[in-house]
Amino acid sequence: QVQLVESGGGLVQAGGSLRLSCPASGNIFSIDAMAWYRQAPGRQREMVAFIASSGSTNSADSVKGRFTISRDNAKNTLYLQMNSLKPEDTAVYYCNALIRTKAVSNPSLYWGQGTQVTVSS
């Protein structure tokens, strides 16, 4: 059993900052890629930022220069530092990860339950 649990969301004024965390726990052998997604009301879920096991990253154009994705492999934890927040960043933020539970298994994709981020104007 593997769990991802996001935290760090909340209500913030435009221009403010939040830091999201997503620790993975359970029967984990290794974690490959990890990512943050978000879903605003009435909109499709979209990728915010991605980080490979090597540490290389990519992010959506809408958050480039404002959001930074990082991971602590020793703690099996994914982070998202969000600065200069805008009202259009309001959404439920989800983390996901490709996790192997055994050395010879293929990785499976796991999702967290989401954390609400609300940015007021």
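The structure displayed is predicted, hence computed values, not measured ones.

**Student:** Explain the nonpolar core to me, and be specific about the residues and the numbers.
**Tutor:** Proteins that are soluble and globular tend to have nonpolar side chains buried together. If you look at the biggest cluster of nonpolar residues, it comprises 29 residues, and the most contacted ones within it are Trp36, Val48, Phe67, Leu78, Leu80, Met82 and Tyr93. Top contributing element to this core by residue count: strand E9 (residues 91-100), with 5 residues. What valine 48 contacts, discounting residues up to four positions off in sequence, is Trp36, Tyr37, Arg38, Ser59, Ala60, Val63, Phe67, Leu80 and Tyr93.

**Student:** Residues and numbers for the packing of aromatic side chains, please.
**Tutor:** Summed over the entire model, instances satisfying the criterion amount to 2 aromatic pairs. Ring plane angle 65 degrees and centroid distance 5.1 Å describe the contact between tyrosine 37 and tryptophan 111, whose orientation is recorded as edge-to-face. Taken together, the residues span a long stretch of sequence, with tyrosine 37 in strand E4 (residues 30-39) and tryptophan 111 in strand E10 (residues 108-111) at a distance of 74 residues. Take tryptophan 111: its relative accessible area is 34%, and that puts it in the partly exposed class. Where tyrosine 94 meets tryptophan 111, the ring centres are 6.5 Å apart and the plane angle is 80 degrees; that geometry is what we call edge-to-face. Highlighted residues: tyrosine 94 in strand E9 and tryptophan 111 in strand E10, separated in sequence by 17 residues. On the accessibility criterion, tyrosine 94 (14% relative accessible area) is buried. Each member of the aromatic cluster is reached from another via a ring pair, and the members are Tyr37, Tyr94 and Trp111.

Parameters and conventions
Residues take numbers from 1 onward in each chain, read along the sequence in its written order. Side-chain atom pairs in this predicted model are given and counted only at pLDDT of 80 or more, local residue features only at pLDDT of at least 70, and totals for whole chains, interfaces and linings cover all residues. The basis for the side-chain values is all heavy atoms of the structure; hydrogens and waters are excluded. We call a set of buried residues a nonpolar core when its members are Ala, Val, Leu, Ile, Met, Phe, Trp, Tyr or Cys and they connect through side-chain atoms within 4.5 Å of each other. When accessible area is computed with a 1.4 Å probe and restricted to protein chains, residues below 20% of their type maximum are described as buried, those above 50% as exposed, and intermediate ones as partly exposed. For the purposes of this entry, the term helix denotes a DSSP run of H or I that reaches at least four residues, the term strand denotes a run of E that reaches at least two, and both are numbered from the N terminus. The contact criterion used throughout is that any non-hydrogen atoms of two residues lie within 4.5 Å. Only Phe, Tyr and Trp rings are paired, with Trp represented by its six-membered ring, and only when their centres lie within 6.5 Å; those with planes under 30 degrees apart are stacked, over 60 edge-to-face, the remainder tilted.

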